[in-house]
Amino acid sequence: QVQLVESGGGLVQAGGSLRLSCVASGRTFRSYAMGWFRQAPGKEREFVAAISWAGVSSYYTDSVKGRFTISTDNAKNAMYLQMHSLRPEDRAVYYCVADLRLGPGLPGIEDVKYWGQGSQVTVSA
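To start, this report covers the structure provided alongside it. (Residues numbered from 1 in each chain as written. Predicted model: local features only at pLDDT ≥ 70, side-chain atom pairs only at ≥ 80, totals over all residues. Heavy atoms only, no water.)

## As for the nonpolar core
- One finds Leu4, Trp36, Leu81, Met83 and Tyr94 to be the most contacted residues of the largest nonpolar core, which totals 28 residues.
- Listing elements by their share of this core, those giving two or more residues are strand S3 (18–25), strand S4 (33–39), strand S5 (46–51), strand S7 (68–73), strand S8 (78–83), strand S9 (92–100) and strand S11 (119–124).
- Excluding residues within four positions of it along the chain, Leu81 makes contact with Leu18, Arg19, Leu20, Trp36, Val48, Ala49, Phe68, Thr69, Ile70 and Tyr94.
- Counting seven residues, the second-largest nonpolar core is a separate cluster that includes Ala33, Val97, Leu100 and Val112. (Core = buried A, V, L, I, M, F, W, Y, C linked by side-chain atoms within 4.5 Å. Buried < 20%, exposed > 50% of the residue type's maximum accessible area, 1.4 Å probe, protein only. Helix = DSSP H or I, 4+ residues; strand = E, 2+ residues; numbered from the N terminus. Contact = heavy atoms within 4.5 Å.)

## Thoughts on unusual backbone geometry
- The phi dihedral of Asn77 is positive, around 55°, even though this residue is not glycine.
- Tracing the backbone through its elements, the reader meets Asn77 in the loop between S7 and S8.
- Asn77 sits in the buried class, given a relative accessible area of 17%.
- Phi is positive for Ser85, which is not a glycine, with a value near 50°.

## What to know about the side chain of Glu6
- Structurally, the position occupied by Glu6 is in strand S1 (residues 3–7).
- For the buried Glu6, no salt bridge is present, and the opposite-charge side chain at shortest range is Arg45, 8.3 Å distant.
- Not counting residues up to four positions away in its chain, the partners in contact with Glu6 are Ser21, Cys22, Trp36, Tyr94, Tyr95, Cys96, Gly116, Gln117, Gly118 and Ser119. (Lys, Arg positive; Asp, Glu negative; His and termini not counted. Salt bridge = Lys/Arg side-chain N within 4 Å of Asp/Glu carboxyl O.)

So, in structure tokens, the structure goes:
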């Protein structure tokens, strides 16, 4: 079984920055893609970013391109989401995911095998 533990959420003013961390245990992830999803109040859970198992390729939803950066540290079995220029519409619970199936389009929740517990990010105007 795989466990994903997230940290780093919180409250920040618009234009500020936060970094989310996700540490995985139970298995190494050197052969699987990982990523982040988020769910805003009253909205469906949506894809945010993904990174290939080797950290060579990364993918982002359009609304976060140029502001968010996904990265991994395989030695620590960890993944990060650095978020800059945060906007009120970025407010959501952010979920770390593993065993993410990457295809021709952006991943959906059906492409995820493992989920973290979620970390709240709140952006004040």
